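Notes for the structure review
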Amino acid sequence: MPKVTLHIDGEVVQQDVKDHANLVVLAGIKQFPKLKYGCGMGKCTKCTCRVIEGADQLDPPNWKEQKMLGENLDEGYRLTCQLTVKDDLEITQEDIKLKKKKKLIQESTTG
């Protein structure tokens, strides 16, 4: 069973989880209660974490993470609702500082 270590609110929580578990699903059924989360569908970013160890054991970021996190992925940020835990993982939800995504502004000219 993989062990997940979560740094949150000044605490370190360690817990064994079932292979291929999703932490937000576990949080929703009170089996990983300290995890911060919102929609569970990759739309709100409330479940954002930074991976400290074990990133190489995770699947690559999917399109939802790419859309919502953009260049923050390069800093080790992931959406816990989109992660499948297959091996030991250490994450933090402390001091999450996401860079704002740059929006393209279209200018129209009238003539």
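Residues numbered from 1 in each chain as written. Predicted model: local features only at pLDDT ≥ 70, side-chain atom pairs only at ≥ 80, totals over all residues. Heavy atoms only, no water.

A closer look at unusual backbone geometry
Of all residues except glycine, most have a negative phi; of all peptide bonds, most are trans. For Asp9, which is not a glycine, the phi torsion comes out positive at approximately 50°. Looking at Asp9, the relative accessible area reads 59%, which means it is exposed. Despite not being glycine, Thr45 has its phi angle at roughly 65°, a positive value. Counting through the fold element by element, Thr45 comes out in the loop between α1 (23-28) and β3 (48-53). (Buried < 20%, exposed > 50% of the residue type's maximum accessible area, 1.4 Å probe, protein only. Helix = DSSP H or I, 4+ residues; strand = E, 2+ residues; numbered from the N terminus.)

Notes on the pairing of strand β5 (residues 89-92)
Alternating positions in β5 separate into two faces, Leu89 and Ile91 on one and Glu90 and Thr92 on the other, with burial throughout. Where strand β1 (residues 3-8) and β5 come together, four bridges link them in parallel fashion. If you follow Val4 over to β5, its bridge partner there is Leu89. (Pairing = 2+ DSSP bridges.)

Concerning a negative patch on the surface
Negative charge collects at one region of the surface, where Asp16, Asp19, Asp56, Asp87 and Asp88 lie side by side. Within the element layout of this structure, Asp88 appears in the loop between β4 (77-79) and β5. Among the residues examined, Asp88 registers a relative accessible area of 43% and is labelled partly exposed. (Patch = residues over 30% accessible without salt bridge, like charges linked within 9 Å, V, L, I, M, F, W, Y side chains within 5 Å. Areas by Shrake-Rupley, 256 points an atom, 1.4 Å probe, with all protein chains shown as cover. Salt bridge = Lys/Arg side-chain N within 4 Å of Asp/Glu carboxyl O. Lys, Arg positive; Asp, Glu negative; His and termini not counted. Charge placed at Lys NZ, Arg CZ, Asp CG, Glu CD.)

Some words on the pattern of salt bridges
Counted by the stated rule, this structure contains five salt bridges. Two residues, Glu11 and Lys34, come together in a salt bridge whose shortest N-O distance is 3.0 Å. Of this pair, Glu11 sits in strand β2 (residues 11-16) while Lys34 sits in the loop between α1 and β3, and the two are 23 residues apart along the sequence. Taking the shortest distance from any N to any O, the salt bridge between Lys86 and Asp59 comes out at 2.5 Å. Residue Lys86 is found in the loop between β4 and β5, and its partner Asp59 is found in the loop between β3 and α2 (63-69); the two are separated by 27 residues along the sequence. Residue Lys86 is classed as partly exposed on the basis of its relative accessible area, which comes to 31%.

So, the side chain of Thr5
Relative to the helices and strands, Thr5 resides in strand β1. Thr5 sits in the buried class, given a relative accessible area of 10%. A distance of 3.2 Å separates the side chain of Thr5 from the side chain of Gln14, its partner in a polar contact. Residues in contact with Thr5, not counting those within four places in the same chain, are Val12, Val13, Gln14, Leu89, Glu90 and Ile91. (Polar contact = N/O pair within 3.5 Å; in protein donor to acceptor, adjacent residues only side chain to side chain. Contact = heavy atoms within 4.5 Å.)

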